[in-house]
Amino acid sequence: MAWTNLVLTTILGLLLALHAAAAPEESYDEKLKLTQFKDGKVLAEFYFTRFISPSAVKKAKDNHYTLLPRSIGEIIQSFGVKELHLTFTQGTWNHEKWGYSPLSAPGGVQLWSWFETANVDSQWKGLTHALAGLFCASLNFIDQSATAEPLLSFRTNGTVTSASELTESNSPQLRYGSLPREAVCTENLTPWVKLLPCQTKAGIASLFNAYRLFDGNFHSMGTHLRPICTDAMCEQRGIEFVQTLAVVLDPMRLDNRKDWSLQTIFERKLDSACPVAENTQIVVTVPETSGFTFRPSPPDVKQDGKGHTIATYPIHRETPKNMDVGITWSNPTVNHTIDRTHSYIRANRYLTGYGGERGGLSVDLYNYRSSAIPVTYFESIPWILKLYLHTLKVETSVNKSTAVVGDIFFQPAIDRGRPSVLEMQLTLPPNSTTTISIEFDKAFVKYTEHPPDANRGFDIGAAVISLRADEGEQNTRIYTETLLISLPTPDFSMPYNVITLTCTLIALFFGSMFNLLTRRFEPLTIKR
Amino acid sequence: MSKPSSTSFEKDSPDISNHEDEDPVVRIPVWTGIALRLALFFYTDASSFFKHRVETSTPVTSWKRFQEGLHLFQHGLPPYDGGVYHQAPLLLAVFNFLPPILIPFLFVALDYWIARGLVEIASYKRKTLQEEVWPEPTLKPTLLAPPPLEEESDEEETETPNQETAGLNRDAHTEQIKEAPKGDTLIPPWLVDDPATLLPKKRPKATKKTPSQPQDVTRPVDALLQAEDIGSIYLLNPFSVMTCLAQSTLLFTILAVIHGLRFAIRGNRSLSMLCIAIAAYLSLYPAMMIAPAVLILARNSHVGISKEMRTSLPLFIGYAVALLGLSYLLIGSWQFLESTYGVILFVPDLTPNIGLFWYFFIEMFDQFRTFFLCVFQILVFIFVVPVSMVFKNHPLFVAFLLTAIMAIFKSYPSLGDTALYLTFLSMNRELFKYMRHSFLVFSALFFASVLGPLFYYLWLYAGSGNANFFYAITLVFALAQVILITDTGFAMARREWDRLNPDLRTKRVELIHR
Amino acid sequence: MTHSTWSQLSSQARGGPAKGTEMLRFKRSATAAAPSPPKLAKELRRIHFRRVVGYYLQKVISSSSWIFYVVGLLWLLLLPRDEFHHVAKVDENALLPGQTSKYFGDLDLWVATSYRDQIRTMGDPSKNVSGHAEFLEQEFRSFGLDASTQNFLHARHDEIVSGANSYAVFRAPRGDGTEAIVISAPWLLENGAVNAEGVSYVLAFAKFVTRFSHWAKDFIFLVTHPSPIGTQAWLEAYHGVQSDLSSWLQYDPLDRHGGVIHEAINLEFDGNGAYSAVGILVDGLNGLLPNADLVTTVVRCAQYEGLPVGIHNVVSPNKFDDNWSSYFHKADIILEYMKSQALGVPTASHALYARYHIEAMTVRGLHDVKGTQYPITGHQIGRAIESALRSLNNLLERLHHAYWFYIMPTAQSFIPLSVYIPPVILLSVTLVIESLVMWWASGDLHQSPPARPNLIEGTEVANHPADISAFNIRIRPLFLPVVTLVLCHAAGAIAFYLAPTVRFMALIGEVNPFNMAAAVVVVTATIYSFMIPTLQRMMEGSGASTRTTAPAWLILKCLGCAELGAALIALSTLNPSLSVFLAIPSVPAFLLARPTESHYRFLLNVAAVTLASPLGLLGIMSLWEGLDVAQGVAGKVVDGWTLYGAWLLPFICYVYWPMNMVANVIIGMEQ
């Protein structure tokens, strides 16, 4: 024990020297946001933020950085990626009860990235394969037939382009792909953790307990990469590399109490900060103003306007070991009421129709606000569904007269070639329900194109509803449910029988036809 | 060139028309068919039902897909840049300005025109039947050996109207009819209550040539077909009713095919080739129908088949190229080629239908895919030349065979094709007597068309059956049709033999087919 | 017959001299060849043999088509024997019924019982639909589920009933919410009792499932009232069927959806915990059955908890004292099973799921069943349901391994398709054979064995006997039969469109069944006593048989047999029980039907056909089980179509009754 501490301190010392040297070049922050919702669930958001200054980018020889992992640097350099967002998610984010978080993501894997290069498609292919290897995920299945190019929904978070670059030939291009049925588990977590400076040895990452992380109601690991302008004219651009992990845990389910602490929800305590992190802090948010006590009592507590209490614990290297942040409640009752001021918009996507031949896709968009909300609806549907654009209907519950639909962008699918992409600008009337519905035919695919569990079916990735935000803040996105389409299955044991039977029929036809055309009737003569 | 034949047509077209006028009863089924279609269109939702049935609307003829293509076209999106619309570009131009309320009427009108064309073709068939020559049994001792071929061939030529003998024959025939006594004692008693013998002009000719002729029970007595019946048969055929209700664009193809033959009968070469070209342009396979059209044209304008071919084939090609050029002007790219004919030939869309392709290529191993595609597609076209060589004296029978082969072996068949060749079959009514498996065939077709939708339901909706159920039914359907084709072919061959070998026929010689 | 006469005629007409000349010619030509003993060459023998075989084959088939019918009947009578039963096994390996450790404990049982008492006090929901729905929605909310209520209006014959479905969606914590299992319970049972424990179990499980994270599928908890109409409204709304204002059922769209529903279990437990067994109901709308794996899984899970499981309220003992008692016991169950399947109208809420390809069944508590020793506890029931849910939760797929066609003589065994379908087909295949026979009879059915072909004197060619023609000479009249068929079907269509109106009038008591019966009889009578003469006149008597045209009734019977046979065979793949129950009376009626001179034969035919008519079947039923039962069945059939889209009424009106009228017509036609 003692010698490990010794080793640790020496390592820390080394790292500190390094860090001090690199301070202006590359910086690293850690932040843990713990939020308890009204229904007692606790959302833990981990942010690991690295900033690489332009000078460091220039200085880096064959992608050797101080804090940025080499693999990431290679991705940036070799694939011409300007901005990259990759999330591994399991479970569905309950927008109604948990509000809107930038870390909410659709189930499975979602990848979208801005390129600033020629021949984007080949670069995109390379990128997916590289990430597949990096994160032990089947990202390489995002091929051309699963790649979309949204026009409106995915704006750049960072400042990708200056005005001058837009005029250039290789203006940045966007690619979007998702794998709804990718099962996210520890084999994805481990390589993701390896990218952290002090992996799970120190800092808030030491709270990672796979047993609890993967027992939550929602779990999402994000890897985000974006350029940041350092000067007004945006001539100099640094790189911001953020790793996020969001997990929703349920103290009620774990030990049937509303009180929680790091110990109870992670079965871990915080030992120390990560030495290379410039500042580390834990922020606890409670949707109440009274009736609870923070343990330990935080250095500063403040109320925001919306009835939340926010406590901040800065973590320094001299913070006590085994730090355990938590909350005890005076009244242990939880209430499941939905606060419409925070979750003022809701989407409910579902399949209509039945049978293996055709069906429909419907989305109900509820606007609970007394003001109209402009949103952008984006949907990328694989080619196995043949959408009929002329059946696209948009209906609202209130005053039909108002023009709900703005622009519509539709790209029909090509069999085995590309998905069909539907993107619409909508203005949801106040206190209304807007229903988008479109019909489709199910494709009958070859028996080799079915997944191994053919009788489960194909997953249709979540639709994205982005609220067009005011200037400055990035626009919030709402992800609908993923859907399951069960395509009609052939009998997988039949190929030989089918070939045999059909060819028999063909042969019969050909043979009798041949007889008919070549032979002729003659009297039967009997030679004696 | 085609003058005399056209005049001859005008000679007998009026008698058809006033034949209609003299008894309006024959028009009743026609109007029943029309009224049935309109009633089903406007008083039931049968139309929306059949629009979704795989039996009636295939990926290349479905009305819903056409609507999608039209929608894209009208909104300035390229209709062929997607996996949905596979139909011919010029159809878009047709429907672009048509008000939707008129569309059902248009499809009913299409069926009506098809029926009219069929009636005209049938009257031609009736004429050829009347001109058919059954040589007398000359009791020469030719029994010892089968009749030498040249004899048989010149028998045929006497029967083809381009020899003056045929002309004489026809005159002889007419004057016989004129001077045929009413209560002819020579009519055998078993013919008395035969409707065929009630009208004197329908009595088998040359009854009074030799006394032994009427007792010739080895020779079939055919009731001449009423041309109007063929139109009624088409209009009342449930398959064609379904196709019309489904608003399948296949109807345009059928119309073009029928009128190709119709104009050929009128001897109008260029119009006929134009119609065939349109049919081929709409759905590729009907290019085969050049063969019967050319045969008919050759018959009418007494020239050799090869000569006729040399004049009409360039016409066909020219028209086809012109149509493709128009389409290019309409769409602005050649993308439509591989999105229409490419789809017909390479079958990327494996939606089930009553044909043989879909399940075969769902289950096919990828490495053999192209090979079997070539085999299947060649099989459709391979029989054009031999069939039209063997049956060159019976162009309408050639038309029947080719349409039937198309209906069975094309990549996206539907019940409309079946309705078309069944109508052609009903024109060759004189063959039914010679057919051996007609009951088997038609009950198999009936069972298949009852069980097909049911098994489809069990597979896709109830989920209690699997794809093999429906596949088995399509197999039975195709098998029954194959048997029908060959059976009809043999019936034709047998009848021809009976007709051309009177001596052996009257001796009831045992035949073998070798 | 006809052929022989012609050959005579022609030979006479051919006359001596002509033949003589021929003979001379042949003589001259044949002088070269030496006279040879008349032995038949090999080829000729083969041809002759083929003809003779064909002839006798025709004879045998035409005389013995009824044998198939008899064999089918005997085979059906054998079905209750144990040798034909297979022990039900689970084919889907992922289900592992009963292998999981169960957590449904005393606390959950206490929750259930307290809810039961609360529901008891609330009483009949029909008084206060919205209040009950509100209560349920609140409870579901308090567990943290997404709960909602669907209101709907049901226009019954005389009043408009308003109903409400309360449902809640539990999102599986680890799942992606693409698949769902429905656990449903109606407020009121068919017999009017309040389904207190069923609803309380639903509530208890809604609370129970939130405690665990091992669920992979969503759960949808559904309480319907009134049922099964409520289930119909909910399912249609869930699958996006728009409710139109004109229809008999109007409902709100759902504002919550789970994933694709794969399985559904409907709970019906009236009473207060005192059950002696649980019973299962499997047959759905139109006799569609759920996948056997679902049934087997639920039965296995119940048996692991020591629950006796019965089917159709009968629990089969493990051993019988002798074979005959077992035979009759199982015969009873099979008969009940086939009766309810043949009717095809929903027996409980689970029946309506079949239309949407959802495997569903009902589990209901049975009171005082004989053959069971001790009462079962709610503990066992809860654990059985939990274990079944756990098994279904294991499989992230549709149930597709096992079969959908089976007959259950007991809850633990089944009769597979391969065993019970042959007799069903045999019964109806008789008609197909008969139609073939009729076709032959209308064509050239040879009266005598064909003569042997013989060599023409002095030549090398043979000629075949006179009565074998290259073509068939008799003309088959088609017009009259086709017109008859069309008219009969038209009559059936009219009956079909009238049926709901008649039902409505009967419900409000303006028509009593006897008048209806009389009306139907009159209609049929007019159709076959009035239609035929007109048709015959229309046909100028061509309906009769002549020497060159077959009689029209042969063709009509041929077509009729073909159509009815095809219909019954097609039906046997969808609802074998119905096919059996319709084939048994109608096949002999059709076999007998023919125009005849003798009055006894005529009366016999008419009696058979009348008994086979839908009305006759109802009459038999009323003699068997009482008039009210027959009336109830008739009403159920009509309602089954108008409310749930059961196909029995259309089938009867469009196919079965018209064919029955065709049989009538055949009897009345001229020979």
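Residues numbered from 1 in each chain as written. Chains lettered and ligands numbered in written order. Predicted model: local features only at pLDDT ≥ 70, side-chain atom pairs only at ≥ 80, totals over all residues. Heavy atoms only, no water.

### Some points on the overall build of chain C
Next up, step 1: For chain C, the helix and strand inventory stands at 20 helices and 14 strands.
Next up, step 2: Sorting the 671 residues of chain C into buried and exposed places 56% on the buried side.
Next up, step 3: Considering only contacts in chain C between residues 6 or more positions apart, those separated by 24 or more positions represent 82%.
Next up, step 4: Carbon and sulfur atoms make up 63% of the accessible area of chain C, which totals about 27,400 Å². (Helix = DSSP H or I, 4+ residues; strand = E, 2+ residues; numbered from the N terminus. Buried < 20%, exposed > 50% of the residue type's maximum accessible area, 1.4 Å probe, protein only. Contact = heavy atoms within 4.5 Å. Areas by Shrake-Rupley, 256 points an atom, 1.4 Å probe, with all protein chains shown as cover.)

### Section: the overall build of chain B
Next up, step 1: Looking only at helices and strands, chain B has 24 helices and one strand in total.
Next up, step 2: Across the 514 residues in chain B, those meeting the buried criterion constitute 62%.
Next up, step 3: As displayed, chain B offers around 19,000 Å² of accessible surface, 69% of which is attributable to carbon and sulfur atoms.

### Some remarks on the state of the cysteines
Next up, step 1: Inspection of the entire model under this criterion finds one disulfide over all chains.
Next up, step 2: Counting only cysteine sulfurs, Cys185(A) is the nearest neighbor of Cys136(A), a cysteine outside any disulfide, at a range of 12 Å. (Disulfide = S-S within 2.5 Å.)

### A look at a positive patch on the surface
Next up, step 1: Together, Lys42(C), Arg45(C), Arg46(C), Arg50(C) and Arg452(C) line one region of the surface with positive charge.
Next up, step 2: Tracing the chain through its elements places Arg46(C) in helix H3 (residues 42-63). (Patch = residues over 30% accessible without salt bridge, like charges linked within 9 Å, V, L, I, M, F, W, Y side chains within 5 Å. Salt bridge = Lys/Arg side-chain N within 4 Å of Asp/Glu carboxyl O. Lys, Arg positive; Asp, Glu negative; His and termini not counted. Charge placed at Lys NZ, Arg CZ, Asp CG, Glu CD.)

### Some points on the interface of chain B and chain A
Next up, step 1: Facing the 68 residues of chain B at the interface are 53 residues of chain A.
Next up, step 2: Together, the buried faces of chain B and chain A total about 5,900 Å²; carbon and sulfur atoms form 70% of this surface.
Next up, step 3: Where chain B touches chain A, the interface holds two salt bridges.
Next up, step 4: Where Asp81(B) meets Arg418(A), a salt bridge forms, and the shortest distance between an N and an O atom there is 3.1 Å.
Next up, step 5: For the interface between chain B and chain A, the tally reads 17 residue pairs in polar contact (both at pLDDT 80 or more).
Next up, step 6: Secondary structure elements with two or more residues in the side of chain B that touches chain A: helix H4 (63-74), helix H17 (357-363), helix H18 (369-382), helix H19 (384-390), helix H20 (395-409), helix H22 (438-462), helix H23 (467-500) and strand S1 (511-513) of chain B. (Buried area = accessible area lost by both parts, 1.4 Å probe. Polar contact = N/O pair within 3.5 Å; in protein donor to acceptor, adjacent residues only side chain to side chain.)

### A few points about the pairing of strand S3 (residues 81-90) of chain A
Consecutive residues of a regular strand have side chains that alternate between opposite faces of the sheet.
Residues and elements named next belong to chain A.
Next up, step 1: Along S3, nine of the 10 residues are buried, which leaves the element largely enclosed by surrounding structure.
Next up, step 2: Across eight bridges, the pairing between S3 and strand S4 (residues 108-115) is antiparallel. Along S4, the bridge assignment pairs leucine 84 with serine 113.
Next up, step 3: Strand direction decides the pairing type here: S3 and strand S7 (residues 218-229), joined by seven bridges, are antiparallel. Within S7, the position partnered with leucine 84 by the bridge is leucine 225. (Pairing = 2+ DSSP bridges.)

### Regarding a nonpolar patch on the surface
Residues and elements named next belong to chain C.
Next up, step 1: A contiguous nonpolar patch, built from Trp66, Ile67, Val70, Val71, Leu74 and Leu77 and spanning about 540 Å² of accessible area, is present on the exposed surface.
Next up, step 2: As for its placement among the helices and strands, leucine 77 is situated in helix H4 (residues 66-78).
Next up, step 3: Here leucine 77 falls in the exposed class, since its relative accessible area comes to 52%.

### Some thoughts on the pattern of salt bridges
Next up, step 1: In this structure the tally under the stated criterion is 56 salt bridges over all chains.
Next up, step 2: With its nearest N and O atoms 3.6 Å apart, the salt bridge here joins Arg346(A) to Glu96(A). Taken together, the positions of Arg346(A) in strand S15 (residues 345-352) and Glu96(A) in helix H4 (residues 95-98) put the pair 250 residues apart, joining distant regions of the chain.
Next up, step 3: Arg262(B) is the partner of Glu120(B) in a salt bridge, and the nearest nitrogen-oxygen pair spans 2.6 Å. Here Glu120(B), found in helix H6 (residues 102-131), pairs with Arg262(B), found in helix H12 (residues 250-266); they are 142 residues apart in sequence, far enough to count as distant.

### Remarks on the nonpolar core
Next up, step 1: Counting residues in hydrophobic clusters, the biggest one holds 307 residues, and the most contacted among them are Phe409(B), Phe140(C), Phe221(C) and Ile280(C).
Next up, step 2: The greatest single-element share of this core, amounting to 16 residues, is contributed by H22(B).
Next up, step 3: Of the domains in this structure, domain 1 (89-411) and domain 2 (422-449 + 476-668) of chain C are the two that each give at least three residues to this core.
Next up, step 4: Dropping the residues within four chain positions of it, Ile280(C) is found in contact with Val295(C), Val299(C), Val309(C), Gly310(C), Ile311(C), His312(C), Met361(C), Thr362(C), Met408(C) and Ala411(C). (Core = buried A, V, L, I, M, F, W, Y, C linked by side-chain atoms within 4.5 Å. Domains from an automatic or database assignment.)

### Structural notes on the side chain of Thr376(A)
All names here are of chain A.
Next up, step 1: Considering the arrangement of structural elements, one finds threonine 376 in strand S17 (residues 373-381).
Next up, step 2: The exposure class of threonine 376 is buried, given its relative accessible area of 3%.
Next up, step 3: Beyond its immediate stretch of four places on either side in the chain, threonine 376 contacts Leu152, Ser153, Glu423, Met424, Gln425, Val464, Ile465, Ser466 and Arg468.

### What to know about the sheet that holds strand S11 (residues 406-407) of chain C
All names here are of chain C.
Next up, step 1: An order of S1-S12-S11 is seen for the three strands of this open sheet, with the pairing classed as antiparallel. With partners counted over all chains shown, the strands left at the sheet margins are strand S1 (86-87) and S11, one partner each.
Next up, step 2: Here S11 runs beside strand S12 (residues 413-416); their pairing, made up of two bridges, is antiparallel. Opposite isoleucine 407, over in S12, you have isoleucine 415 as the bridge partner.

### Focus on the environment of Thr524(C)
Residue and element names in this part refer to chain C.
Next up, step 1: Mapped onto the fold, threonine 524 is located in helix H14 (residues 513-538).
Next up, step 2: A relative accessible area of 10% places threonine 524 in the buried class.
Next up, step 3: Counting along the chain gives 475 residues from threonine 524 to phenylalanine 49, while the straight-line C-alpha distance between them is 49 Å.
Next up, step 4: Beyond its immediate sequence surroundings of up to four residues, threonine 524 is in contact with Trp657, Met661 and Asn664.

### Re the packing of helix H2 (residues 28-43) of chain B against H6(B)
Two numbers describe a pair of packed helices, the interaxial angle and the distance between the axes.
All names here are of chain B.
Next up, step 1: In contact at an axis separation of 10 Å, H2 and H6 are set at 160 degrees when each is read in the N-to-C sense. Classified by the interaxial angle, the pair formed by H2 and H6 is roughly antiparallel. Every pair of crossing elements has a handedness; the one defined by H2 and H6 is right-handed. Here H2 contributes Val30, Trp31, Ile34, Arg37, Leu38, Phe41 and Phe42 to the contact with H6, which in turn contributes Pro104, Phe105, Val108, Asp111 and Tyr112.
Next up, step 2: Here the contact of H2 with H6 is built from residues that sort into 10 nonpolar, no polar and two charged. (Axes fitted to C-alpha atoms, helices over the stretch in contact; angles between N-to-C directions. Parallel < 35°, antiparallel > 145°, perpendicular 65-115°, else oblique. Left-handed = near helix turned anticlockwise from the far one by under 90°. Nonpolar A, V, L, I, M, F, W, Y, C, P; charged D, E, K, R; others polar.)

### So, the domain arrangement of chain C
Residues and elements named next belong to chain C.
Next up, step 1: Considered domain by domain, chain C is made up of domain 1 (89-411) and domain 2 (422-449 + 476-668).
Next up, step 2: Centre-to-centre separation of domain 1 and domain 2, based on C-alpha positions: 40 Å.
Next up, step 3: Tallying the contact residues gives 21 residues for domain 1 and 23 residues for domain 2.
Next up, step 4: Each partner contributes to the roughly 1,800 Å² buried at the junction of domain 1 and domain 2, and carbon and sulfur atoms together form 66% of this total.
Next up, step 5: For the interface between domain 1 and domain 2, the tally reads one salt bridge.
Next up, step 6: When residues of the side of domain 1 that touches domain 2 are traced back to their parent elements, those giving at least two are helix H8 (229-238) and helix H10 (323-343).
Next up, step 7: Among the elements that make up the side of domain 1 that touches domain 2, the one with the highest residue count is H10 (six residues).

### Quick word on the confidence of the model for chain B
The predicted structure's coordinates, where accompanied by low pLDDT, should not be read in detail.
Residues and elements named next belong to chain B.
Next up, step 1: Averaged over all residues, the pLDDT of chain B is 81; the fraction at 70 or higher stands at 80%.
Next up, step 2: The spread of mean pLDDT over the elements of chain B runs between helix H7 (residues 149-159), the lowest at 37, and H12, the highest at 95.
Next up, step 3: In this model, residues 1-22 is a region of pLDDT below 50 whose contacts with residues beyond four sequence positions or in other chains number 18 contacts.
Next up, step 4: Low pLDDT (under 50) marks residues 141-214, which in the prediction has 84 contacts with non-local residues, meaning those over four places away or in another chain. (pLDDT = per-residue confidence, 0-100.)

### Considerations on unusual backbone geometry
Next up, step 1: The step from Arg295(A) to Pro296(A) runs through a cis peptide bond, and the omega angle for that step is -15 degrees.
Next up, step 2: Relative to the helices and strands, Pro296(A) is located in the loop between strand S11 (292-295) and strand S12 (300-303).
Next up, step 3: Cis geometry is adopted by the peptide bond preceding Pro228(C), which originates at Ser227(C) and carries an omega value of 0 degrees.
Next up, step 4: In this structure, Pro228(C) sits in the loop between strand S5 (218-224) and H8.
Next up, step 5: In this structure, Cys136(A) takes a positive phi of about 50 degrees despite not being glycine.
Next up, step 6: Owing to a relative accessible area of 45%, Cys136(A) belongs among the partly exposed residues under this scheme.

### Overview of the sheet that holds S15(A)
Next up, step 1: One open sheet holds the four strands; their spatial order is S15-S16-S21-S18 (chain A), and the pairing between them is antiparallel. Each having just a single partner strand, S15 and strand S18 (385-396) of chain A make up the two edges of the open sheet. Within this sheet the neighbouring strands show an average axis-to-axis angle of 15 degrees, counted without direction.
Next up, step 2: Packed on one face of the sheet, H4(B) meets S18 and strand S21 (432-442) of chain A and runs near 70 degrees to S18(A).

### Considering the packing of aromatic side chains
All names here are of chain B.
Next up, step 1: Counted according to the given criterion, the structure contains 89 aromatic pairs over all chains.
Next up, step 2: A centroid spacing of 6.0 Å and a plane angle of 55 degrees characterise the contact between phenylalanine 66 and tyrosine 85, whose relative ring orientation is tilted. Placement of the pair is phenylalanine 66 in helix H4 and tyrosine 85 in the loop between H4 and helix H5 (89-96), with a sequence separation of 19 residues.
Next up, step 3: Judged by its relative accessible area of 0%, phenylalanine 66 is buried. (Phe/Tyr/Trp six-rings, centres within 6.5 Å; stacked < 30°, edge-to-face > 60°.)

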